[in-house]
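Per-entry structural report
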Amino acid sequence: MTDFPGRWAEGVSLVLAPVLMLAGVLLRVEYDGFFPAQLAAFADAPTLMSASYGCFALGSVLLWPGVLGLVRRSPASRLVLCGGVMVLCGLFARAFHAGVSHLALQLVDVQGLASAQRAVADAYGAFHVFQPFNMAVLFGWAVLAAGLWRAGTLGLVPSVALGLMTALPIGVLKGTGPMSVLAVAGLCVALVPYGVRVLRAGPAPRWWAVPLALALGAGAVVLGSMG
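Residues numbered from 1 in each chain as written. Predicted model: local features only at pLDDT ≥ 70, side-chain atom pairs only at ≥ 80, totals over all residues. Heavy atoms only, no water.

Moving on, we get to the overall build of the chain. Check the secondary structure of the chain and you find nine helices and zero strands. Moving toward the C terminus, one meets the helices and strands of the chain in the order α-α-α-α-α-α-α-α-α. Expressed as lengths along the three principal axes of its C-alpha atoms, the size of the chain is roughly 55 × 40 × 30 Å. On the chain, roughly 11800 Å² of surface is accessible, and the fraction owed to carbon and sulfur atoms is 73%. The average position of the 12 basic charges and that of the 7 acidic charges among the side chains of the chain differ by 19 Å. (Helix = DSSP H or I, 4+ residues; strand = E, 2+ residues; numbered from the N terminus. Areas by Shrake-Rupley, 256 points an atom, 1.4 Å probe, with all protein chains shown as cover. Lys, Arg positive; Asp, Glu negative; His and termini not counted. Charge placed at Lys NZ, Arg CZ, Asp CG, Glu CD.)

So, about empty space enclosed by the protein. Enumeration over the complete set of coordinates arrives at one cavity of 30 Å³ or more. Each pocket or cavity is described by its volume, and for the largest cavity that value is around 40 Å³. Every residue lining the largest cavity is listed: M86, V87, G90, L91, R94, A136, V137 and W141. Looking at the lining of the largest cavity, the elements that each hand over two or more residues are α4 (78–111) and α6 (134–151). Ranked by residues supplied to the lining of the largest cavity, first place goes to α4 with five residues. The class makeup of the residues in the lining of the largest cavity is six nonpolar, one polar and one charged. (1 Å grid on protein atoms, 1.4 Å probe; cavity = no way out; pocket = protein on both sides within 12 Å on 5 of 7 lines; lining within 4 Å. Points joined across faces, edges and corners; volume = space filled by probe spheres on them. Nonpolar A, V, L, I, M, F, W, Y, C, P; charged D, E, K, R; others polar.)

It is worth spelling out the pattern of salt bridges at this point. Evaluated as defined, the whole model comprises two salt bridges. In this structure, E10 engages R72 in a salt bridge whose closest nitrogen and oxygen atoms are separated by 2.7 Å. Here the residue E10 occupies a position in helix α1 (residues 7–27), and R72 occupies one in helix α3 (residues 46–72), the gap between them amounting to 62 residues. Residue classification places E10 among the buried positions, given a relative accessible area of 0%. For E10, the salt bridge goes to R73, with nearest N and O atoms at 2.8 Å. (Salt bridge = Lys/Arg side-chain N within 4 Å of Asp/Glu carboxyl O. Buried < 20%, exposed > 50% of the residue type's maximum accessible area, 1.4 Å probe, protein only.)

Let us look at α6. Relative to the 26 Å expected for 18 residues at 1.5 Å per residue, α6 spans 26 Å between its end C-alpha atoms, a close match to the ideal helical length. Roughly 45° is the biggest bend found in α6, and it falls at G140. When α6 is considered as a whole, its buried residues turn out to be A136, V137, G140, W141, L144, A145, G147, L148 and A151. Turning to α6, the residues buried within the fold contact α3, α4, α7 (156–163) and α8 (178–200). (Expected span 1.5 Å × (residues − 1). Bend = angle between axes of the 7 residues up to and from the residue. Contact = heavy atoms within 4.5 Å.)

We now examine the packing of aromatic side chains. By the definition in use, this model includes four aromatic pairs. Their ring planes at 15° and their centres at 5.0 Å tell us that F35 and Y124 sit as a pair that is stacked. Taken together, the positions of F35 in helix α2 (residues 35–44) and Y124 in the loop between α5 (113–123) and α6 put the pair 89 residues apart, joining distant regions of the chain. Here Y124 falls in the partly exposed class, since its relative accessible area comes to 36%. Within the aromatic cluster, the residues linked to one another by ring pairs are F96, F130 and F133. (Phe/Tyr/Trp six-rings, centres within 6.5 Å; stacked < 30°, edge-to-face > 60°.)

Next up on the list: α4. In this model, α4 (34 residues) spans 49 Å end to end at C-alpha, consistent with the 50 Å of a helix rising 1.5 Å per residue. The opening residue of α4 is S77, an N-cap whose side-chain oxygen sits 3.3 Å from the backbone nitrogen of L79. Looking one or two residues past α4, G112 carries a phi angle of roughly 95°, positive in sign. (Polar contact = N/O pair within 3.5 Å; in protein donor to acceptor, adjacent residues only side chain to side chain.)

Right, let's talk about the layout of surface pockets for a bit. Any empty space left between the atoms is revealed when a probe the size of a water molecule rolls over them. The computed volume of the largest pocket comes to approximately 430 Å³. In terms of lining, the largest pocket is formed by 20 residues, of which the most central are V100, A123, Y124, G125 and V172. Contributions of two or more residues to the lining of the largest pocket are made by α4 and α5. Counted by class, the lining of the largest pocket contains 13 nonpolar, six polar and one charged residues.

Where nonpolar side chains cluster on the molecular surface, the patch consists of W207, W208, L212 and L216 and spans about 520 Å² of accessible area. Considering the arrangement of structural elements, one finds W207 in the loop between α8 and α9 (209–226). (Patch = residues over 30% accessible without salt bridge, like charges linked within 9 Å, V, L, I, M, F, W, Y side chains within 5 Å.)

Here it is in C-alpha cells:
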C-alpha cells in the first residue's frame, strides 16, 4: 500500500492543522510568554487558554498525515526523508509538551495559582525521554524545507516560509511572541495552498463521506469524555 495515509487525510491535514496552530498561538497573544504568566492567564481566562492550548495541540497532532504526504509526493531524496523523520519526531515531542502543559494548567484549579506556579518552577527542566528530540523540533522543519525546495515540491517562497517553523519556541507552557506568530503564519503560507491543491487533485468524496466523518468524530469525542 503505497498511498498511505491517502489524499484526503493528507489534504485535510495540510489545510486544517496549520490554521488550528495559528489560532492557538493568536488566542494567547496578549499574555507574557513565560510559564508563571501562562498559569496566571489560565486563572484569569480558563476558557480562552484552554482553547488556545487545545487548538495548538490538536493542530500539531493533525500535522502528521500532511508531513507524510509531503514526503510521499516528493521525488526520492535523502534530505526530504531526513527532514520528514525529524519533523515527525518533533511533533511527538510537542504532543508530550502539550500533555504536560495541560496537567500544569489543571493544577491552577486543583491547588491554586501560587501553588501551581511553585510546582511547575520546581519541576521545570526535569529530564524526560523526549529531550533528545529537541534537536529535531528545532531543525527538522528547516531540513524538510530545504529538501522540498531541492526536490521541486515547494517553491522558494513556500520553502522559506516553512523553514520559519524553526523559530517556534519549544517546551512546556510557551506563550506567544512575535517569532511564534511569524513561524506559524509561515507554516500556513507554505502548507495551506499545497493542501488545497492536494484536495483538488482527484474526485470529490462520496455524498455520505463527510456526514460519516463528522458522526465518527462526534462519537469519538463522546466516548473519549466518558473514559
